[in-house]
Amino acid sequence: MSCTDKCDDHWSYDDPSKWSEHFPAARGLSQSPINIELDKTVAQLYPPFVFSPNYNTDEVLFTLTNTGHQVAVTLAGSTNKENQTDLSFTGGGLTGTFHFVNFHLHWGQNDRHGSEHEIEGKIFPAEAHFVHMNYETEQLAVFAFFFTVDDQSENENTEWRKYIDVADRLVNINDTANCTFNLSQLMQTDGTYFFRYMGSLTTPPCTEGVIWTIFPSEIPVKEESLDLLRDNIMRKVYRPVQPINDRIVFRSYQA
Ligand SMILES: [Zn+2]
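Remember, it's a predicted structure, so these values are computed and weren't measured experimentally.

J.: I keep staring at the side chain of Asn182 and nothing clicks. Help me out?
T.: For Asn182, the position within the fold is in the loop between β11 (176-180) and α2 (183-187). Here Asn182 falls in the buried class, since its relative accessible area comes to 2%. Looking at Asn182, its side chain comes within polar contact range of the main-chain nitrogen of Ser184, at 3.0 Å. Excluding its chain neighbours within four sequence positions, the residues that come into contact with Asn182 are Tyr55, Asn56, Thr57, Asp58 and Glu159.

J.: Would you mind going over the coordination of the zinc ion with me for this structure?
T.: Tetrahedral coordination by four donors places them ideally at 109.5 degrees to one another around the metal; octahedral coordination by six donors ideally gives 90 or 180 degrees. Looking at the zinc ion, the protein donor atoms are His104 (NE2), His106 (NE2) and His129 (ND1), and they sit 2.0 to 2.1 Å from it. Going along the chain, you hit the donors of the zinc ion in the pattern H-x1-H-x22-H. With His106 in strand β7 (residues 98-107) and His129 in strand β9 (residues 126-133), this pair connects stretches of sequence that are 23 residues apart. For His106, a relative accessible area of 0% gives the class buried.

J.: Can you walk me through the pairing of strand β14 (residues 250-253) in this structure?
T.: On a regular strand, one side chain projects to one face of the sheet and the next to the other, so that they alternate. Across four bridges, strand β2 (residues 42-45) lies against β14 in parallel orientation. Counted as the bridge partner of Gln44 is Ser252 from β14. Sheet topology note: the strand β12 (residues 195-200)/β14 ladder contains two bridges and is antiparallel. Residue pairing for β14: Phe195 is matched across the bridge by Arg251.

J.: I keep staring at the pattern of salt bridges and nothing clicks. Help me out?
T.: For side chains of opposite charge, pairing can occur when their charged atoms come near one another. As enumerated under the stated definition, the model contains eleven salt bridges in all. The closest approach of N and O atoms between Asp111 and Arg230, which form a salt bridge, is 2.9 Å. Pair noted here: Asp111 is in the loop between β7 and β8 (118-119) and Arg230 is in helix α3 (residues 223-232), with a separation of 119 residues, a long-range link. Notably, a salt bridge pairs Asp231 with Arg235, separated by 3.1 Å at the nearest N-O pair. Overall, the relative accessible area of 47% leaves Arg235 in the partly exposed class. One salt-bridge network, in which partners are shared between bridges, spans Asp111, Glu223, Asp227 and Arg230.

J.: Before we go on, may I ask you to explain the packing of helix α1 (residues 158-167) against α3 in this structure?
T.: Each pair of packed helices gets described by two things: the angle between the helix axes and the distance between those axes. Interaxial distance between α1 and α3 falls to 9 Å at its minimum, and their mutual angle equals 30°. By the angle class used here, α1 and α3 are roughly parallel. For the pair α1 and α3, the sense of crossing is left-handed. Packed against α1, whose contacting residues are Arg161, Ile164, Asp165 and Ala167, the element α3 presents Glu224, Ser225, Leu228 and Leu229 at the interface. Split by residue class, the contact of α1 with α3 holds four nonpolar, one polar and three charged.

J.: In this structure, what is going on with the environment of Asn178? I would like to understand it.
T.: If you trace the backbone, Asn178 turns up in strand β11. Judged by its relative accessible area of 48%, Asn178 falls in the partly exposed class. The spacing of Asn178 and Leu64 is 114 residues in sequence and 6.1 Å in space, taken between C-alpha atoms. In this structure Asn178 touches Leu61, Phe62, Thr63 and Ala76, once residues within four positions along its chain are discounted.

J.: Explain the nonpolar core here, please?
T.: Looking at soluble globular proteins, one finds that nonpolar side chains tend to be buried together. In terms of nonpolar packing, the biggest core is built from 52 residues, with Leu64, Phe103, Phe130, Trp160 and Tyr163 touching the most fellow members. One finds Ile119, Val131, Phe146 and Ile214 within the second-largest nonpolar core, a separate group that totals 15 residues.

J.: Which parts of the structure should I look at to understand the packing of aromatic side chains?
T.: The way to describe two aromatic rings as a pair is by their centre distance and the angle between their planes. Summed over the entire model, instances satisfying the criterion amount to 32 aromatic pairs. Geometrically, the ring pair formed by Trp11 and Tyr13 is edge-to-face, given 5.2 Å between the ring centres and 75° between the ring planes. Looking at Trp11, the relative accessible area reads 10%, which means it is buried. Classification of Tyr13 as buried rests on a relative accessible area of 6%.

J.: Which parts of the structure should I look at to understand the side chain of Thr41?
T.: Tracing the sequence through the fold places Thr41 in the loop between β1 (35-36) and β2. A distance of 2.7 Å separates a polar side-chain atom of Thr41 from the backbone oxygen of Leu38. Discounting residues that sit within four places of it in the chain, Thr41 has contacts with Ile36, Phe195, Val249 and Arg251.

J.: Whenever I open this one, the pairing of strand β13 (residues 208-221) confuses me. Can you help?
T.: When strand β10 (residues 140-149) meets β13, the two strands line up parallel, connected through nine bridges. Each residue of the ladder has a partner; that of Ala144, found in β13, is Ile214. Relative to β13, β12 runs antiparallel, the two sharing six bridges. Residue pairing across strands places Ser200 opposite Glu208, the latter belonging to β13.

Rules behind the numbers
- Residues numbered from 1 in each chain as written.
- Predicted model: local features only at pLDDT ≥ 70, side-chain atom pairs only at ≥ 80, totals over all residues.
- Heavy atoms only, no water.
- Helix = DSSP H or I, 4+ residues; strand = E, 2+ residues; numbered from the N terminus.
- Buried < 20%, exposed > 50% of the residue type's maximum accessible area, 1.4 Å probe, protein only.
- Polar contact = N/O pair within 3.5 Å; in protein donor to acceptor, adjacent residues only side chain to side chain.
- Contact = heavy atoms within 4.5 Å.
- Donors = N, O, S within 2.8 Å, 3.2 Å for Na, K, Ca; no water.
- Pairing = 2+ DSSP bridges.
- Salt bridge = Lys/Arg side-chain N within 4 Å of Asp/Glu carboxyl O.
- Axes fitted to C-alpha atoms, helices over the stretch in contact; angles between N-to-C directions.
- Parallel < 35°, antiparallel > 145°, perpendicular 65-115°, else oblique.
- Left-handed = near helix turned anticlockwise from the far one by under 90°.
- Nonpolar A, V, L, I, M, F, W, Y, C, P; charged D, E, K, R; others polar.
- Core = buried A, V, L, I, M, F, W, Y, C linked by side-chain atoms within 4.5 Å.
- Phe/Tyr/Trp six-rings, centres within 6.5 Å; stacked < 30°, edge-to-face > 60°.

Have a look at this one:
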C-alpha cells in the first residue's frame, strides 16, 4: 500500500529530495546512503564481531509490522528491554554492547533499483538493514546486506522467502504478524569483510551519527519474491545515494 496521501508524517518515497522541508537533518553533510568507491576506501584492522547465541537459533519469535514505509521486524512480546530475548553483539570495532532493534528490507520498482547503498555505482535489487542500539550511549549501528536475483529455487535464501511470504499479507498500514527467524541465516555472512563509515538514518528524520557496516556479499532471492512486495505492499522503498563529502569509508581486514 502506498503512503502518498493517507500518511500524516510528511514524507513518502515519491520524492525523497523534499524530505528536508520537514526534516532539516536530511540536508546534513553526513547523510546515508552513499556510493562506495573502492579505490578511495582505507584498510583498517577490526576485531571480529561476537554475536549472542540467539542469533543462531530458529526459536526467536518476531513481529512484522507494515509501518507505511517498510515492513519492519521487531522482537515479539515484551517492549521492556530487561525482559527481552538477548540479541546483542560486541566487537567489530564498535564500543560496547549493541542490541537488536529491528530489521527491514528496501527494494525498488524493478531489478535495476532497490538497494540504498551502491558499490562502484552498482545498484542491487534490494538491501536489508539490521538496526542495533547501544542502550547506554543510544548510539545506533546498522548492518546492510545486498541481494541478487537468482531464479533457481534451491538457491533462494529460505529465511528471506519466509519474511516475504509473511510481509506479503500485511497489505494495510499497521497490519502485523508473528514469525520466527534465524538472524544468522538472514545475514548470511561470516562477518569478516565489510565497509565502515559514519552516516545517518536513511528514512526521516535522517538523524546523523549512525555507524554503518556494509557487507558486500549478495543474498540470493527470486524475482517473483521481490514482485510480491512490489505488487502487494509498496512499489519502491529506497532513498537515493547522498554526497559523501569529506567522509572516509574504511574496509575491514583481520589479522
Ligand atoms: Zn533501512
